[in-house]
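# Tertiary structure, described
Chain residues, written in single-letter form:
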Amino acid sequence: MRQLTVGFDLDMTLVDSRPGIAATYRALTERTGVPVDAEVAVSRLGPPLRTEIAHWFPPERVDEGVHAFRELYPAYAITPTVPLPGAVAALDAVRQRGGRVLVVTSKLGRLARLHLEHLGLTVDEVAGDLFAEGKATALREHGATHYVGDHVADMVAAEAAEVPGIAVATGPCSADELRAAGAATVLADLTGFPAALDDMIRLALRQ
């Protein structure tokens, strides 16, 4: 068997970044004069930033909005972000079983690392600025054996990388949507991850 290597999405999988991202959108509105409904924006986290910015900014100003948001992000988004229930134990569970931990996210890698460092979440690799099938590239490159995420696009990534997708219903997608997207298992949150991982390891050993 390959070494256990578990990839995790970041926003709404490992961390609840909604308060900080909402604060960043409010700061973006103040800086640019373009109204953004921060609560609506954070209710659909998952896709790349450019996708969300395009809902609010005219096409000719999308690049400006993306650049300004990322510039504001460290000052507004890092401190309010907290780990989701079970996140710390989930990372520990992978290591206790001799595994490696990846974070594969649509967020820029440097911004993802700010969150991880602030919260003391230690991972082996971070791959950023990837979404859906694009995440599969990093999962394959780093030898992932499983991928954990909260969005249907994360299950698309797992399928494209030919690894089991472990879904957590802590983000914008329902358990039914995650199952329909191909999740091998759906958890209410990461508190159930260690037991689910053990079940998957036992199943793999039998095959």
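Below: a short report on this structure. (Residues numbered from 1 in each chain as written. Predicted model: local features only at pLDDT ≥ 70, side-chain atom pairs only at ≥ 80, totals over all residues. Heavy atoms only, no water.)

## Focus: the overall build of the protein chain
- Counting its secondary structure elements, the protein chain contains 10 helices and eight strands.
- At 17 Å, the protein chain has a C-alpha radius of gyration in line with the 17 Å of a compact globule built from 207 residues.
- Seen through its C-alpha atoms, the protein chain measures out along the principal axes to roughly 60 × 30 × 30 Å.
- Out of the 207 residues belonging to the protein chain, those deemed buried represent 51%.
- At a minimum sequence separation of 6, the contacts of the protein chain that also span at least 24 residues come to 61%.
- Summing over all exposed atoms, the protein chain offers an accessible surface of approximately 9,300 Å²; the carbon and sulfur share of this is 52%.
- Mean positive and mean negative side-chain charge positions of the protein chain (19 and 27 charges, respectively) differ by 3 Å. (Helix = DSSP H or I, 4+ residues; strand = E, 2+ residues; numbered from the N terminus. Rg over C-alpha atoms; globule rule 2.2 N^0.38 Å. Buried < 20%, exposed > 50% of the residue type's maximum accessible area, 1.4 Å probe, protein only. Contact = heavy atoms within 4.5 Å. Areas by Shrake-Rupley, 256 points an atom, 1.4 Å probe, with all protein chains shown as cover. Lys, Arg positive; Asp, Glu negative; His and termini not counted. Charge placed at Lys NZ, Arg CZ, Asp CG, Glu CD.)

## Some remarks on the sheet that holds strand β6 (residues 146-149)
- The strand order across the open sheet formed by six strands is β5-β4-β1-β6-β7-β8, and the pairing between neighbours is parallel. Every other strand in the sheet has two partners, leaving β5 (125-127) and β8 (185-187) as the edge strands with one partner each. Adjacent strand axes in the sheet meet at a mean angle of 20 degrees when their direction is disregarded. (Pairing = 2+ DSSP bridges. Axes fitted to C-alpha atoms, helices over the stretch in contact; angles between N-to-C directions.)

## What about the packing of helix α1 (residues 18-32) against helix α4 (residues 62-76)?
- Where α1 contacts α4, the two axes come as close as 9 Å, and the packing angle between them is 125 degrees. The orientation of α1 relative to α4 falls into the category oblique. Of the two possible hands of crossing, α1 and α4 adopt the one that is right-handed. Contact residues: α1 offers G20, I21, A23, T24, Y25, A27, L28, R31 and T32, while α4 offers E64, G65, A68, F69, E71, L72, Y73 and Y76.
- Grouping the amino acids of the contact of α1 with α4 by side-chain chemistry returns 10 nonpolar, four polar and three charged. (Parallel < 35°, antiparallel > 145°, perpendicular 65-115°, else oblique. Left-handed = near helix turned anticlockwise from the far one by under 90°. Nonpolar A, V, L, I, M, F, W, Y, C, P; charged D, E, K, R; others polar.)

## Some details on the pattern of salt bridges
- Taken as a whole and assessed by the stated rule, the structure comprises 13 salt bridges.
- Measuring nitrogen to oxygen at the nearest pair gives 2.3 Å for the salt bridge that ties R31 to E71. In this pair, R31 sits in helix α1 while E71 sits in helix α4, placing the two residues 40 residues apart along the sequence.
- The exposure class of E71 is partly exposed, given its relative accessible area of 48%.
- Counted as one network, the salt bridges with shared partners bring together D9, K135 and D154. (Salt bridge = Lys/Arg side-chain N within 4 Å of Asp/Glu carboxyl O.)

## Describing unusual backbone geometry
- Its identity is not glycine, yet M12 carries a phi of approximately 65 degrees, on the positive side.
- Examined against the element boundaries, M12 turns out to sit in the loop between β1 (5-8) and β2 (15-16).
- Phi at D129 is positive, roughly 65 degrees, even though this residue is not glycine.
- Looking at the element boundaries, D129 is found in the loop between β5 and α7 (133-141).

## Overview of the pairing of strand β4 (residues 100-104)
- Most of β4 sits out of view: four of its five residues are buried.
- Bridge count for β1 against β4 is four bridges, and the pairing is parallel. If you follow T5 over to β4, its bridge partner there is R100.
- In terms of strand pairing, β4 meets β5 through three bridges, oriented parallel. Within β5, the residue paired with L102 across the bridge is E125.

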